[in-house]
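# Geometric and topological summary
One-letter residues, chain by chain:
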Amino acid sequence: MKSKEISRLFDQIADALEFQGENQFKVGAYRKVARTLSEMAEDIEVIHREGRLREIPGVGEGIAQHITEYLETGKISKYEEELKKVPAELIQLMDIPGMGPKTLALANKKLGVKNLSDLKKAIENGSLAGIPGLGEKKVGNIRKGIARFEKVKERIPLGMALPLAEEIMTGLRGKFKITMISPAGSLRRMRETVGDIDILAGSSQGKKIVEAFTRLPMVKETLAAGDTKGSIITDEGLQVDLRVVPEKAFGAALQYFTGSQAHNVKLRGIAHKMGIKVNEYGVFRGEKLIAGQTEEGVYQSLGMQCPPPEMREDRGEIELAREGKIPRLVEIPDIRGDLHVHSRHSDGSGEIEEIAGKAREKGYQWIAICDHSKSARYARGLPEAEVLKVIEEIEELNQRLKGIRVLAGAEVDILPDGSLDFPDRILKKLDVVVGAVHQGFKKNVTGRMTRAMDNPYLKIIAHPTGRLISAREGYEIDIEAVMEKAARTGTALEINAHYDRLDLDDLNAMKAKKAGVKIAIGTDAHSVRMLDYMRLGVAVARRGWLGPEDIVNTWSADKIINWQKKQ
DNA sequence: GCCGTTTTCGGCCCGACTGTTTTCAGTCG
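## Some thoughts on the packing of aromatic side chains
Any two aromatic rings considered together are summarised by their centre-to-centre distance and by the angle between their planes. Tallying each qualifying case throughout the model produces five aromatic pairs. Between the aromatic rings of Phe-10 and Tyr-30, the centroid separation amounts to 5.7 Å while the plane-to-plane angle is 65 degrees, which identifies the pairing as edge-to-face. Note that Phe-10 is positioned in helix α1 (residues 2-19) and Tyr-30 in helix α2 (residues 24-38), a separation of 20 residues in sequence. For Phe-10, a relative accessible area of 0% corresponds to the buried category. Since its relative accessible area comes to 8%, Tyr-30 is described here as buried. An angle of 65 degrees between the planes, with centres 5.1 Å apart, marks the rings of Phe-441 and Tyr-475 as edge-to-face. Taken as a pair, Phe-441 in the loop between β14 (432-436) and α20 (445-452) and Tyr-475 in the loop between β15 (460-461) and α21 (479-489) lie far apart in primary sequence, 34 residues in all.

Right, dumping it as structure tokens:
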């Protein structure tokens, strides 16, 4: 995507300008457009061709020219100029925690620091600490910052961060009677990965709570500990920030620290024009507090609905909230069943009966067992005769079990020629057929998937892009073409809820809805415990602005079976 | 560099913590 590349260049221009002490709002202008471009669904070349560049928020005359130049010549002269003044190697040093543009400029000007090894030398021989304005402690912090910088700061998956946040909150609740405590930041917005964990508490005992926080068992290092704010590194190397605010300001603080930053900047801009100030202690008209106890109150005071945290990315939700048009998003209680679960018959670990029991416990009405098909040998895929036995087992279980219905499904491989791994005579016996590409990730995946959708038995495409958050980009695929075909054939696309997949992701889920495609959420659980990943899948759907009407999991078992049987 | 139901000029979100200041700058989120 060209918009991603342009976004990267703008970010680097922003870095270079910042280093040179350029006006922070000019820097911000580049950053804002970089962010918009990086998540834009529409093709930038189409926008350019239709003369609509200036309609992109934050794109004015100058930036429009840069974009045009890139699309016509493949480069941006402004970028080349800035890079000549400030080499990339130098810019990169700003990523060191504690090292901002000012400090770096000082080190560069006074000591000629040009790269990481220069910087290390300046620290070791004491010359950095000798610069006026810097001192031993500051240099000590930069030294620690370098250690973290070199460790390749990785973002951690939501599915790992959530339990850790819950553990920390439980630890604090055990020591204090805190009723108001919540995750904030990207964790509360349920982004697929988070860089750190933000936790907010409402209490008058800030200092004590921060102290207790820094003494929790998982704390390896304390970065900061004040009266209202603490910051620690866990033994796994993850940063956790805690803020404590008075109870009467909890709503305002929750709004504030949930972000996103872009959402808040826009919100505060609106408040400003209304003569209102919003900060983490409340909403103020002059000196007078007009809201702050609850988040709803904060938004209400600005004449808006309160958008769910998952929507707060400045993707148009503020405009909707002002018009009172925030959609009803899908919620966990809407989910009647899981559409992608493996049992011990292929590569899962649970007995079907055990899985059904857990599904009932979760309040589901049904659960679809979808073991692998025969070509998926690495996953102990089932030959036809075995599938028939599993179907029989499920029929017998359904006679016996109360309060839950098991659907006999399969995760059928989409083969290199686009055909399915089971013949129609098997497929027609199943309650739900999920198709998936498990091999040949670079071999005409778009063509194979669209051809597979010509088979009327195929109802769901599992993990449609094949990406793994920690490991790989995914298939070479034209996802728009897949969505278009899915809409035409009535095939659903999956949000795979495994924490390392979350595939489709939020933006693709949003795109799918616009294309008229239904979404199926499947945990891809290989053990009973993994059925809990449903909350991650629902989170992605909510981040994609999907409602219960978009999600197949909200249907009854009969409706799903009818869907499968109807060709 | 962008933007306009206050403005085509003069704003642009806002506060905590740290360290080095003797009243505040830099960094971070």
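## What about the domain arrangement of chain A?
The assigned domain composition of chain A is domain 1 (2-152), domain 2 (156-245), domain 3 (261-323) and domain 4 (332-565). The gap between the C-alpha centroids of domain 2 and domain 3 is 24 Å. Listed by partner, the interface residues are seven residues for domain 2 and eight residues for domain 3. Contact between domain 2 and domain 3 buries roughly 650 Å² in total, counting both sides, with carbon and sulfur atoms accounting for 44%. Sorting the residues of domain 2 by area buried against domain 3 places Arg-188, Arg-189 and Val-245 first, and these three jointly supply 69% of that buried surface. Residues Glu-313 and Arg-189 are paired through a salt bridge, measuring 2.8 Å at the closest nitrogen-oxygen approach. Per-class residue counts for the side of domain 2 that touches domain 3 are three nonpolar, no polar and four charged.

## Examining unusual backbone geometry
With an omega dihedral of 0 degrees, the bond running from Gly-259 to Ser-260 counts as a cis peptide bond. Residue position: Ser-260 is located in the loop between α13 (250-258) and α14 (261-273). Cis rather than trans, the peptide bond between Asp-503 and Leu-504 has omega equal to 5 degrees. Within the element layout of this structure, Leu-504 appears in the loop between β16 (492-496) and α22 (506-514). Non-glycine residue Asp-314 carries a positive phi angle of around 55 degrees. Position of Asp-314 relative to the elements: it lies in the loop between α15 (295-301) and α16 (317-322). We note that Leu-502 has phi near 40 degrees; this positive angle belongs to a residue other than glycine. Inspection of the secondary structure assignment puts Leu-502 in the loop between β16 and α22. With relative accessibility at 1%, the residue Leu-502 sits in the buried group.

Criteria and cut-off values
Residues numbered from 1 in each chain as written. Chains lettered and ligands numbered in written order. Predicted model: local features only at pLDDT ≥ 70, side-chain atom pairs only at ≥ 80, totals over all residues. Heavy atoms only, no water. Phe/Tyr/Trp six-rings, centres within 6.5 Å; stacked < 30°, edge-to-face > 60°. Helix = DSSP H or I, 4+ residues; strand = E, 2+ residues; numbered from the N terminus. Buried < 20%, exposed > 50% of the residue type's maximum accessible area, 1.4 Å probe, protein only. Domains from an automatic or database assignment. Contact = heavy atoms within 4.5 Å. Buried area = accessible area lost by both parts, 1.4 Å probe. Salt bridge = Lys/Arg side-chain N within 4 Å of Asp/Glu carboxyl O. Nonpolar A, V, L, I, M, F, W, Y, C, P; charged D, E, K, R; others polar.

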